Amino acid sequence: MRFQYGMPHYLIILSTSLPYNMVATSDKKQDKELLNQLQTILLKDDRATIERLQATIDDPVLLSEKVSPIIEDRMAFFKEQFPVEFRVTVDKLIERKLKASQAEILDVIYPVMGKMIKKYVNHQIQIVKDSIDERVKDTFSSRGLFWRLKNSIFGISASDQIIHEMRDYKIEEIYIIQRDSGLLFGSASTENTIDQDVIAGMLTAIKSFVEDAFKREREDLEMIQYGTYKILLQNFYTYYIAIAISGSMSSTEREELGNELLTFADDNLKTLPAEPDEPSFKAVSAKLKEEFIK
Amino acid sequence: MLSRKVILTGSFGVGKTSLFRRFINNTFSEKYITTIGVKVDKKVVEVRGQEVSILLWDIAGEVKQDKVPKSYFLGASAIVYVFDLTRPSTYRNISVDMDILKDILPDAIIKIVGNKADLIANESAIEKIKEELKVRVDVITSAKNGDNVEDLFLDLAGDFLE
Ligand SMILES: Nc1nc2c(ncn2[C@@H]2O[C@H](COP(=O)(O)OP(=O)(O)O)[C@@H](O)[C@H]2O)c(=O)[nH]1
Ligand SMILES: [Mg+2]
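Bear in mind the structure is a predicted one, so any value in this text is a computation, not a measurement. (Residues numbered from 1 in each chain as written. Chains lettered and ligands numbered in written order. Predicted model: local features only at pLDDT ≥ 70, side-chain atom pairs only at ≥ 80, totals over all residues. Heavy atoms only, no water.)

1. As for the sheet that holds strand 4 (residues 229–235) of chain A
Across a sheet, strands are paired by hydrogen bonds formed along the backbone, either parallel or antiparallel in direction.
Residue and element names in this part refer to chain A.
Argument step 1. Taken together, five strands build an open sheet; the order of strands is 2-1-5-4-3 and the sheet is antiparallel. Of all strands in the sheet, those bounded by a partner on one side alone are strand 2 (184–189) and strand 3 (223–226). For this sheet the average axis-to-axis angle between neighbouring strands, irrespective of direction, equals 15°.
Argument step 2. Bridging between strand 3 and strand 4 involves four bridges; their strand directions are antiparallel. Counted as the bridge partner of Ile224 is Ile231 from strand 4.
Argument step 3. Packed on one face of the sheet, helix 7 (residues 196–213) meets strand 1 (170–178), strand 2, strand 3, strand 4 and strand 5 (239–246) and runs near 75° to strand 1.
Argument step 4. Set on the sheet, helix 8 (residues 251–268) makes contact with strand 1, strand 4 and strand 5; between it and strand 4 the angle comes to about 45°. (Pairing = 2+ DSSP bridges. Helix = DSSP H or I, 4+ residues; strand = E, 2+ residues; numbered from the N terminus. Axes fitted to C-alpha atoms, helices over the stretch in contact; angles between N-to-C directions. Contact = heavy atoms within 4.5 Å.)

2. Quick word on the packing of helix 1 (residues 16–25) of chain B against helix 5 (residues 149–161) of chain B
All names here are of chain B.
Argument step 1. Where helix 1 meets helix 5, the axes come as close as 9 Å, and the angle between the chain directions of the two elements is 80°. Here helix 5 runs roughly perpendicular to helix 1, going by the angle between their axes. Contacts between helix 1 and helix 5 involve Leu19, Arg22 and Phe23 from the former and Val149, Glu150 and Phe153 from the latter.
Argument step 2. The residue inventory of the contact of helix 1 with helix 5, partitioned by class, reads four nonpolar, no polar and two charged. (Parallel < 35°, antiparallel > 145°, perpendicular 65-115°, else oblique. Nonpolar A, V, L, I, M, F, W, Y, C, P; charged D, E, K, R; others polar.)

3. Topic: unusual backbone geometry
Residue and element names in this part refer to chain B.
Argument step 1. Of note, the phi angle at Asn26 is positive, near 55°, even though the residue is not glycine.
Argument step 2. Here Asn26 shows up in the loop between helix 1 and strand 2 (38–47).
Argument step 3. Positive phi, close to 45°, is recorded for Arg48, a residue that is not glycine.
Argument step 4. By the secondary structure assignment, Arg48 is in the loop between strand 2 and strand 3 (50–59).

4. With respect to the sheet that holds strand 1 (residues 2–10) of chain B
Residues and elements named next belong to chain B.
Argument step 1. Strands sit in the order 2-3-1-4-5-6 across an open sheet of six strands; the sheet is mixed. Looking at which strands have only one partner, the edges of the open sheet turn out to be strand 2 and strand 6 (139–140).
Argument step 2. Looking at chain direction, strand 2 and strand 3 are connected through 10 bridges and run antiparallel. Note on strand 3: the bridge partner recorded for Lys42 is Leu55.
Argument step 3. Packed on one face of the sheet, helix 3 (residues 94–104) meets strand 1, strand 4 (78–84) and strand 5 (109–115) and runs near 165° to strand 4.
Argument step 4. Along the sheet face, helix 5 touches strand 1, strand 2, strand 3, strand 4, strand 5 and strand 6 and points at about 75° away from the line of strand 2.

See below:
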């Protein structure tokens, strides 16, 4: 509060410290009037200021004009200072969080990482393939006639022919298996296989056995083959997926199926419970059936 | 239904495979077939009105537990450590083996089982062996006549439900 120049201080002290019961009733009204006047004189400037402030606060546009620069300033300062002041704390926090939920985080990251790596590798392979195609075209252009002739005899293009031959595999069974225990997170199959959890356990045992017996640096068993059946194994962090396939399958198809699995894992398996339970088993199994066993 | 992985381990010839077959199929054979690799089978047991599915792993025996591939143990909720009551060499180093197993699976339930009780003439001989050991023996079984085999796994299932 500011005081009007020349206004003596004691006036205020007098008027405020004088108890009402010491003043005659008839003077009371007069006193009040006096006090009001005094306030008006004393607070004139402040009143104006308050009114201006009120107006500014009430008007969003005016308010933001005033406040925005300050906030921006603070934000800039914050941005600059945050790493300095809080880095250690944040680092520690993230580290702790990562340690606590390593498995969950890795299960979330695995499919995404898998996809990214695959994409990159595919891209590199495509580049190599393109350059080979280019060279083949140059070198064997005289052979073109032979190929075209051959295709016209069969009535289809060679590549169509190859693709057709390859496309006769069938997914018979699919399992999502907890990595170490071999317990089932979910499964689906064309026929009613009875002891799916025994199969899952046995697959895990075989996997452990093979991976241990032929130990090489961080290599996983990727396929088991018997007769016309193939079991493809794709590893994730806390679980792996096993698919039993009949018929023949090209490497391109294998690749495609691998991608499908990554997508499936990304969409459906990020929230698997730590230990397999019945509700999630049912949900995962239904999804598997819908996606892979038609 | 609750599912749990249980692994049988211990020296060779102590009766792991026999206990496995007794529990799963209720059969027994005098013939000794060395286990190669692993065998897994399942049995559903009921305790206190609740079903528990036990996925039992039978592995090849090793004289010392650090020779068993670690990956076999991982993910197991319980380890059944079997020794042969008639062969001191199968229980002499039991406490060393316990340390190894606790190191691999700190949270697992470990049951120490003395098997082939049918070959021991009297109760006092069994008590003497138990006293000799530095660790407590959980149960004395016979895979041959089936004594305590079912109970051993029912006990485990009960522990899983806790
Ligand atoms: N008398 C008797 N023999 C047993 C018992 N358990 C296993 N055996 C025998 O001991 C031998 C080894 O058993 P096995 O189960 O193969 O041992 P493993 O190597 O630990 O799997 C076999 O000849 C079995 O018949 C038992 O409780 N009593
Ligand atoms: Mg055996």
